[in-house]
Amino acid sequence: MTTDVRVSFGDSLRSASDCLLIGVFDGEEDMNELLQACNRSLNNGLEVIIKAGELSGNTSNFTLLHTFGGVTPDRLLFCGLGDKELISRSLLRDIFSSALRRARGACSGSVSIAANSFVGPQITENDVVECAAESSQTGLYRYERFKSVPSTKNIKLLDLVVSGSATEKTMNDAMSRGISVGNSVNIARDLANAPPNFMTPTELSNAASGVARETGAHIEIIEREEMAKLGMGALIGVSQGSTEPPKFIVLRYEGDQNNPDNSIALLGKGITFDSGGLDLKSASGMRTMKGDMAGGAAVIGAMKAISDIRPTLNVVGIVPATENMPGGGAQRPGDVVSTMDGTTLEIDNTDAEGRLVLADAVCYARSLGITKIVDVATLTGAVRAALGQQCIGAFGNDSSFTEKVIAAGSEVGERIWELPTYDEYANQYDSDIADIKNTGGAAAGAIIGAMIIGRFAGDASWVHLDIAATSLTNVTKGDRVKGATGSGVRTLISLCELLSS
Ligand code: BES
Ligand code: ZN
Ligand code: ZN
């Protein structure tokens, strides 16, 4: 069930919706013009509620009232916004998401938003429209494909009521952009929430083809035989223990066709199930491993919005997709494989498979002559130990490019924290018999995983984003809904816009 969103001009207290959302800043409970108008229409009832301390501007304080005909909307949902100086786009997205879920829970089939009441010193009405539109997609998200009985409570229409000063075109553009980004996040969530017996490498490549069809992007799916010809021994090695054929997905958006130097490759780890291989994971360690393609999902999702927004930049989305299973043909600890650039790699632990498939993906991106590479991967448990769930870990070989990626994330509310890639760590993954091995002992696990991927980047600028801790959430809170989060999608979109020339 999707929510239709539209922009309209006029008096929000006259919008014929089941529920109107009104923003209230801290300390403005009694002077806000809109609140005074409500109070008058409700026979001073609002004053009573404010005096009782029930309605406040504290962040995420929600107060729902039935209006019984006092104003046109059947309900009013007051949304506490906190300190007016501090209101930001990411806080707005969290508040709109929570408020819309609250309105949906209270049986509101149509919702309107008094956009002007959410405007602050750093936030324009344009921002409000964009954030509300985005949250209508991400905040109301539910994964119901396998539910026999779908939810009956749905918001069918969201009306963003804006003041007269805005032009229709700018508001509609902001709305479309919000919907497009929200949609991309949800594409990634849908892919990562799908059960692993459905979301096979083949199905992931079908989903990528779907995005290509919708957007006009070019798609190529490289099959195992061709992978072998290209020398992708590391990817093939990981796929050997599975009966599902691996797929190497290449999606291309061409935003600057005559300028091939103006290109970026976005790589996403596409392990559709990570059992660990012969170095089998524990039951609890394996439980969430259908989500080990969340990086690939983020790339496929981002390609959708990138094609909508059309930055002046060529973007190649690359997803090496395979299962990591312990079947009879599985690779063994001790095996040596070689990557597309001829590097030999000793398999020390079959569960460190993400860096293997991404090594071949980095080589492939380089073979296209691309000099800017970002990979997104649920790479290590160690990144959670280092940073917890509050941010994405970043690693790179070119500080100015890493700073751009971090800045792109910060624009869209994705926190990214850089960890070092000092040369001295590299001896941890020396191999006795091959060029390198795929693990480096217990210390600095997230860094070692990253540096093994980075070794293949050569002189290309490369950033690795480890989303192992942020790709999944256990709680529905603000913009995030329990399950796959779509971590990385917004950063990738924002980065392409930042690099657009
Ligand atoms: N897919 C896992 C990493 C992971 C762990 C993602 C937990 C999400 C949640 C990855 O393939 C893996 O197993 N990494 C190993 C590396 C080790 C064997 C060097 C790890 O982190 O334990
Ligand atoms: Zn693994
Ligand atoms: Zn993995």
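In case you missed it, the structure is sitting above this.
Bear in mind the structure is a predicted one, so any value in this text is a computation, not a measurement. (Residues numbered from 1 in each chain as written. Chains lettered and ligands numbered in written order. Predicted model: local features only at pLDDT ≥ 70, side-chain atom pairs only at ≥ 80, totals over all residues. Heavy atoms only, no water.)

J.: Just checking my understanding: could you explain the overall build of the chain for this structure?
T.: Broken down by element type, the chain carries 15 helices and 20 strands. Whereas a compact globule of 501 residues would reach a radius of gyration of roughly 23 Å, the chain reaches 24 Å, a difference of no more than 12%. Seen along its three principal axes, the alpha-carbon backbone of the chain occupies a region of about 85 × 50 × 40 Å. For the chain, with 501 residues in total, the buried portion stands at 57%. (Helix = DSSP H or I, 4+ residues; strand = E, 2+ residues; numbered from the N terminus. Rg over C-alpha atoms; globule rule 2.2 N^0.38 Å. Buried < 20%, exposed > 50% of the residue type's maximum accessible area, 1.4 Å probe, protein only.)

J.: Explain the coordination of the zinc ion (ligand 2) here, please?
T.: Tetrahedral metal sites with four donors have an ideal angle of 109.5 degrees; octahedral sites with six donors have ideal angles of 90 or 180 degrees. Note on the zinc ion (ligand 2): its protein donors are Asp274 (OD), Asp351 (O), Asp351 (OD) and Glu353 (OE). The metal-donor distances range over 2.0 to 2.2 Å. Geometry at the zinc ion (ligand 2) is irregular, judged from its six donor atoms and the angles of 72 to 168° they form at the metal. Mapping the donors of the zinc ion (ligand 2) onto the primary sequence yields the spacing D-x76-D-x1-E. Metal-to-metal, the separation of the zinc ion (ligand 2) and the zinc ion (ligand 3) is 3.2 Å; Asp274 coordinates the two. With Asp274 in strand E10 (residues 270–274) and Asp351 in the loop between strand E13 (344–346) and helix H11 (354–367), the pair connects residues that are 77 residues apart, well separated along the chain. By relative accessible area, which is 22% here, Asp351 ends up partly exposed. (Donors = N, O, S within 2.8 Å, 3.2 Å for Na, K, Ca; no water. Tetrahedral: all angles 85-135°; square planar, octahedral: opposite > 155°, others 65-115°.)

J.: Explain the layout of surface pockets here, please?
T.: Over the atoms rolls a probe the size of a water molecule, and its path tells where empty space is left. Taken as a whole, the largest pocket holds about 1000 Å³ of empty space. Taken together, 33 residues form the lining of the largest pocket, with Ser90, Asp94, Gly413, Arg415 and Arg480 sitting closest to its centre. The set of elements that each furnish at least two residues to the lining of the largest pocket consists of helix H3 (89–105) and helix H13 (399–411). If one sorts the elements of the lining of the largest pocket by residue count, H3 sits on top with six residues. For the lining of the largest pocket, the two domains that each supply at least three residues are domain 1 (4–166) and domain 2 (184–500). The computed volume of the second largest pocket comes to approximately 660 Å³. Around the second largest pocket, the lining is made up of 28 residues, and of these Lys281, Met289, Thr380, Gly381 and Ala468 lie nearest the centre. Of the residues in the lining of the second largest pocket, the class split is nine nonpolar, 11 polar and eight charged. (1 Å grid on protein atoms, 1.4 Å probe; cavity = no way out; pocket = protein on both sides within 12 Å on 5 of 7 lines; lining within 4 Å. Points joined across faces, edges and corners; volume = space filled by probe spheres on them. Domains from an automatic or database assignment. Nonpolar A, V, L, I, M, F, W, Y, C, P; charged D, E, K, R; others polar.)

J.: Honestly, the packing of helix H4 (residues 125–138) against helix H5 (residues 168–193) in this entry has me stumped. Any pointers?
T.: Helices that pack against each other are described as a pair by the angle of their axes relative to one another and the distance between those axes. Close contact between H4 and H5 brings their axes to 7 Å; oriented N to C, the two are set at 30°. As judged from the angle between their axes, H4 and H5 are roughly parallel. For the pair H4 and H5, the crossing hand works out as right-handed. Of the residues that constitute the contact of H4 with H5, the class distribution is eight nonpolar, eight polar and five charged. (Axes fitted to C-alpha atoms, helices over the stretch in contact; angles between N-to-C directions. Parallel < 35°, antiparallel > 145°, perpendicular 65-115°, else oblique. Left-handed = near helix turned anticlockwise from the far one by under 90°.)

J.: When you look at the pattern of salt bridges in this model, what are you seeing that I'm missing?
T.: Pairing of side chains with opposite charge becomes possible as their charged atoms draw close. Going through the model one piece at a time under the given rule, you end up with 22 salt bridges. Here Asp351 and Lys281 are joined by a salt bridge, their closest N and O atoms 2.9 Å apart. You can see Asp351 sitting in the loop between E13 and H11 and its partner Lys281 sitting in the loop between E10 and helix H9 (283–286), a full 70 residues away along the chain. Here Arg332 and Asp335 are joined by a salt bridge, their closest N and O atoms 3.0 Å apart. Asp335 gets classed as buried once you look at its relative accessible area, which sits at 16%. Three or more residues joined by partner-sharing salt bridges are found here, namely Arg89, Asp127, Glu130, Arg177 and Glu497. (Salt bridge = Lys/Arg side-chain N within 4 Å of Asp/Glu carboxyl O.)

J.: How should I be thinking about the pairing of strand E9 (residues 263–268) in this particular structure?
T.: In regular strands, side chains alternate between the two faces of the sheet. Of all six residues that make up E9, six are buried, and the element is covered over most of its length. Here E9 shows no split at all, with Ser263, Ala265 and Leu267 on one side and Ile264, Leu266 and Gly268 on the other all buried. As paired strands, E9 and strand E11 (residues 314–324) are joined by five bridges and run parallel to one another. Looking at the pairing, Leu266 lines up with Gly317 of E11. In terms of strand pairing, E9 meets strand E14 (residues 372–377) through four bridges, oriented parallel. For Leu266, the partnering residue across the bridge sits in E14 and is Val374. (Pairing = 2+ DSSP bridges.)

J.: What am I meant to see in the coordination of the zinc ion (ligand 3) here?
T.: Within the first shell, the zinc ion (ligand 3) binds the protein through Lys269 (NZ), Asp274 (OD), Asp292 (OD) and Glu353 (OE), at distances of 2.0 to 2.4 Å. One can describe the site at the zinc ion (ligand 3) as octahedral: its six donor atoms subtend angles covering 77 to 172° at the metal. One chain supplies every donor for the zinc ion (ligand 3), spaced along it as K-x4-D-x17-D-x60-E.

J.: Can you walk me through the sheet that holds strand E12 (residues 336–338) in this structure?
T.: What holds strands together in a sheet is hydrogen bonding between their backbones, with the strands either parallel or antiparallel. If you trace the three strands from one edge of the open sheet to the other, you get E12-E13-E17, paired in mixed fashion. For this open sheet the edge positions go to E12 and strand E17 (436–437), each flanked by a neighbour on one side alone. One ladder, built from three bridges, connects E12 with E13; its direction is antiparallel. When the sheet's bridge partners are listed, Val337 is paired in E13 with Leu345.

J.: Can you help me understand the sheet that holds strand E5 (residues 110–114) in this one?
T.: With mixed pairing, six strands are arranged side by side in an open sheet as E1-E6-E5-E2-E4-E3. Strands at the two margins of the open sheet, each flanked by one partner only, are strand E1 (4–9) and strand E3 (62–66). This sheet shows a mean twist of 25° between the axes of neighbouring strands, independent of strand direction. Those strands touched by H3 are strand E2 (19–25), E3, strand E4 (75–82), E5 and strand E6 (157–162), and its axis lies near 155° from that of E4. (Contact = heavy atoms within 4.5 Å.)

J.: How should the packing of aromatic side chains be read in this particular structure?
T.: Each aromatic ring pair is described using two quantities: the centre-to-centre distance and the angle formed by the ring planes. Counted according to the given criterion, the structure contains five aromatic pairs. Note on Phe248 and Tyr364: the rings are 5.0 Å apart at their centroids and 70° apart in plane angle, and the pair reads as edge-to-face. Residue Phe248 is found in strand E8 (residues 247–254), and its partner Tyr364 is found in helix H11; the two are separated by 116 residues along the sequence. Like Phe248, the residue Tyr364 is buried in the burial classification. A centroid spacing of 6.0 Å and a plane angle of 10° characterise the contact between Tyr422 and Tyr425, whose relative ring orientation is stacked. Seen from the ring of Tyr141, Arg189 lies directly overhead, with NZ or CZ sitting 5.2 Å from the centre. (Phe/Tyr/Trp six-rings, centres within 6.5 Å; stacked < 30°, edge-to-face > 60°. Lys NZ or Arg CZ within 6 Å of the ring centre and 35° of its normal.)

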